[in-house]
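One-letter residues, chain by chain:
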Amino acid sequence: MNMLRNSSVWAGVIAGGLSQWKDTQAYRHGEIRKADYKVHTVGNITGAAGLAAGIEYGALLGTMVVPGIGTVVGSILGGLAGDKFGRFLGEGAASMVYKPSARVWQNSFDMDHM
């Protein structure tokens, strides 16, 4: 399976790009601090990678369980889980380096917003 030719990579690029655009606008308007912006940027990158991988492997697992509908459900659930897990890892690691505000730190580890 070559991920570079699949639409899952483009889904990650688009989702990460849109999140980055939103965060860049918030930073430019003074709504978030520089350290928070850096943490969000790392989270956007790792979330995009997690989304792409989650779609691929979720679809694969879904196909193995129930071909057809399992592929669709697996790709959706895998994408959501991959994005959340990627952001969790990226923002958690970046938070240790850049020391963001307490709100960003708490949101990085809040699994309720999945």
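If you look the protein up in an unreviewed UniProt entry, it shows as Glycine zipper 2TM domain-containing protein from Polycladomyces subterraneus.

> Just to check I follow, could you spell out the overall build of the protein for this structure?
Secondary structure assignment for the protein yields four helices and zero strands. In the protein, the succession of α and β elements from N to C terminus is α-α-α-α. In the protein, which comprises 114 residues, the share counted as buried stands at 41%. Accessible surface for the protein amounts to roughly 7,100 Å². Of this, 69% is attributable to carbon and sulfur atoms.

> Help me understand the packing of aromatic side chains in this model?
The geometry of an aromatic ring pair is captured by the separation of the ring centres together with the interplanar angle, meaning the angle of the planes. The final tally for this structure, using the stated rule, is two aromatic pairs. Ring centres of Tyr27 and Tyr37 lie 4.8 Å apart, and the angle between their planes is 15°; this geometry places the pair in the stacked category. Taken as a pair, Tyr27 in helix H1 (residues 7–28) and Tyr37 in helix H2 (residues 34–65) lie far apart in primary sequence, 10 residues in all. A centroid spacing of 6.5 Å and a plane angle of 20° characterise the contact between Phe85 and Phe88, whose relative ring orientation is stacked. You can see Phe85 and its partner Phe88 sitting in helix H3 (residues 69–98), three residues apart, about one turn around the helix.

> How should I be thinking about the packing of H2 against H3 in this particular structure?
Relative placement of two packed helices is described by the angle separating their axes and the distance separating the axes. Closest axis-to-axis distance for the H2/H3 pair is 5 Å, and the angle between their directions is 155°. One way to sum up the angle between H2 and H3 is to call them roughly antiparallel. Between H2 and H3 the crossing geometry is right-handed.

> Would you mind showing me how to read the pattern of salt bridges here?
For the structure on display, the rule yields one salt bridge. Note that Arg87 is salt-bridged to Asp83, the shortest N-O span being 3.1 Å. With Arg87 and Asp83 both in helix H3, this residue pair falls four residues apart, about one helical turn. Overall, Arg87 belongs to the buried group, its relative accessible area being 18%.

Here is what the cut-offs are and how they apply
Residues numbered from 1 in each chain as written. Predicted model: local features only at pLDDT ≥ 70, side-chain atom pairs only at ≥ 80, totals over all residues. Heavy atoms only, no water. Helix = DSSP H or I, 4+ residues; strand = E, 2+ residues; numbered from the N terminus. Buried < 20%, exposed > 50% of the residue type's maximum accessible area, 1.4 Å probe, protein only. Areas by Shrake-Rupley, 256 points an atom, 1.4 Å probe, with all protein chains shown as cover. Phe/Tyr/Trp six-rings, centres within 6.5 Å; stacked < 30°, edge-to-face > 60°. Axes fitted to C-alpha atoms, helices over the stretch in contact; angles between N-to-C directions. Parallel < 35°, antiparallel > 145°, perpendicular 65-115°, else oblique. Left-handed = near helix turned anticlockwise from the far one by under 90°. Salt bridge = Lys/Arg side-chain N within 4 Å of Asp/Glu carboxyl O.

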